[in-house]
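An overview of the molecular structure
Residue-level listing of the chains:
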Amino acid sequence: MRTPIIAGNWKMHKTVGEATEMVRKLDELVADSPVEVVICAPFTSLASLSALGLNKVKLGAQNMYFAEQGAFTGEISAAMLEDVGCEYVILGHSERREIFKEDDELINKKVLKALETGLKPILCVGETLEQRKAGETENVVVEQTTKGLAGVGAEQIRQVVIAYEPIWAIGTGETSDGNDANQVIASIRQTVAKLFSPELAQEVRIQYGGSVKPGNIKEFMDQPEIDGALVGGASLKVEDFVGIINY
Ligand code: 13P
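In what follows, the accompanying structure is described. All figures in this text were calculated on a predicted structure; none of them were measured in a lab. (Residues numbered from 1 in each chain as written. Predicted model: local features only at pLDDT ≥ 70, side-chain atom pairs only at ≥ 80, totals over all residues. Heavy atoms only, no water.)

Remarks on the pattern of salt bridges
Applying the stated criterion across every chain, the model contains 19 salt bridges. Where Arg-96 meets Glu-102, a salt bridge forms, and the shortest distance between an N and an O atom there is 3.0 Å. According to the relative accessible area criterion, Glu-102 is buried, its value standing at 7%. As a salt-bridge pair, Arg-189 and Asp-227 come within 2.9 Å of each other at their nearest N and O atoms. (Salt bridge = Lys/Arg side-chain N within 4 Å of Asp/Glu carboxyl O. Buried < 20%, exposed > 50% of the residue type's maximum accessible area, 1.4 Å probe, protein only.)

What follows is the structure in structure tokens.
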């Protein structure tokens, strides 16, 4: 059985004070949940969140660079994230791909470095509206998954979480329906099975992301292939995020 994992991607929101206030509450409110709960906060809040000594909520970052250290102004390394108590790191989010022009090759280097350092990547894949209309959804997610996981070892794949986030459903209020998301996620799992093995593919957790709210989470979690959610806007308010975690 795969343990469900629900992660909040705060994107560029919250000061350190706002972050610590919310996560302190969240940690108490979800203490008994069977779900693995992760908050992916901005870099600036991670050390303070870690210093709270959380019992339940795990920490993740939203990006990193693949180099060990050096002249990379503005970048953060995997070791730095480990040092401030991160267990997870989101890689290849569509906003990184679209706004910051990250390609599959760069994302793959980050995935490999995260794993080598002991961080668990949340690798994001998903199609644009144009690609969906052109019937390319499956090809797009298969290619992003294959390229993103190139060079990952069989002993490492269990550490990887994949998030299927159709770009047209992010922040728009539009969602994929549960059945459709389940089918796309099934094809991502088949890809993992081909790259690694059917047994290992059964162990990898694959989330849905895109306008997940307390009112629609169950539709996704009821699907056999969907193992959790990556939540943007609705992870910013403790009541909403708790409502999602308690689906
Ligand atoms: P929303 O939940 O705000 O649509 O964002 C989804 C997302 O991008 C999570 O990574």
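Let's talk about the pairing of strand β8 (residues 228-231)
Burial of the side chains of β8 extends over both faces: Gly-228 and Leu-230 are buried on one face and Ala-229 and Val-231 on the other. Strand direction decides the pairing type here: strand β1 (residues 5-9) and β8, joined by 4 bridges, are parallel. When the sheet's bridge partners are listed, Ile-6 is paired in β8 with Ala-229. Direction of pairing for strand β7 (residues 205-209) relative to β8: parallel, over a ladder of 2 bridges. Residue pairing in the sheet places Gly-209 in a bridge with Leu-230 of β8. (Helix = DSSP H or I, 4+ residues; strand = E, 2+ residues; numbered from the N terminus. Pairing = 2+ DSSP bridges.)

Topic: empty space enclosed by the protein
Per the stated rule, a full pass over the model turns up 1 cavity of 30 Å³ or more. Roughly 40 Å³ of internal volume is contained in the largest cavity. If you go around the largest cavity, the residues you meet are Gly-92, His-93, Ser-94, Arg-97, Cys-124, Val-125, Gly-126, Gln-144 and Glu-165. Here the lining of the largest cavity is built from residues that sort into 2 nonpolar, 5 polar and 2 charged. (1 Å grid on protein atoms, 1.4 Å probe; cavity = no way out; pocket = protein on both sides within 12 Å on 5 of 7 lines; lining within 4 Å. Points joined across faces, edges and corners; volume = space filled by probe spheres on them. Nonpolar A, V, L, I, M, F, W, Y, C, P; charged D, E, K, R; others polar.)

What to know about the site of the ligand
Lys-11, His-93, Glu-165, Gly-171 and Ser-211 are the nearest of the 13 residues found near the ligand. The separation between an oxygen atom of the ligand and a polar side-chain atom of His-93 is 2.8 Å. Between the ligand and Ser-211, the relevant distance is 2.8 Å, taken from an oxygen atom to a main-chain nitrogen or oxygen of the residue. If the ligand stood free it would expose 300 Å²; the protein chains cover 96% of that surface. Here the residues of the shell around the ligand sort into 4 nonpolar, 7 polar and 2 charged. (Near = heavy atom within 4 Å. Polar contact = N/O pair within 3.5 Å; in protein donor to acceptor, adjacent residues only side chain to side chain. Areas by Shrake-Rupley, 256 points an atom, 1.4 Å probe, with all protein chains shown as cover.)

Some details on the sheet that holds β1
Either a parallel or an antiparallel arrangement is found when strands of a sheet pair, and the pairing is made through backbone hydrogen bonds. Ordered by their spatial adjacency, 8 strands build a closed barrel running β1-β2-β3-β4-β5-β6-β7-β8, and the pairing between neighbours is parallel. Along the sheet, successive strands turn relative to each other by an average axial angle of 25°, direction set aside. Note: strand β4 (residues 88-91) against strand β5 (residues 120-125), 4 bridges, orientation parallel. For Ile-90, the partnering residue across the bridge sits in β5 and is Ile-122. In the packing of helix α7 (residues 137-148) onto the sheet, the strands contacted are β5 and β6 (161-164), and the crossing angle to β5 comes to about 155°. (Axes fitted to C-alpha atoms, helices over the stretch in contact; angles between N-to-C directions. Contact = heavy atoms within 4.5 Å.)

Quick notes on the side chain of Ser-45
Residue placement: Ser-45 occurs in helix α2 (residues 43-51). Residue classification places Ser-45 among the buried residues on the basis of a relative accessible area of 0%. The contacts of Ser-45, once residues within four sequence positions are left out, are Lys-14, Thr-15, Val-16 and Ala-19.

So, α7
Taking 1.5 Å as the rise per residue, α7 with 12 residues should run 16 Å; its terminal C-alpha atoms sit 16 Å apart, in good agreement. Those residues of α7 that are buried are in contact with α4 (94-99), α5 (104-117), β5, α6 (129-133), β6 and α8 (178-195). (Expected span 1.5 Å × (residues − 1).)

As for the state of the cysteines
With the rule as written, the count across this model stands at 0 disulfides. In this model Cys-40 remains outside any disulfide bridge; the closest cysteine sulfur is found in Cys-86, 7.9 Å from its own. Of the residues examined, Cys-40 reaches a relative accessible area of 0% and is grouped as buried. What makes Cys-86 buried here is its relative accessible area of 5%. (Disulfide = S-S within 2.5 Å.)

Honestly, it's all geometry; don't read function into it.
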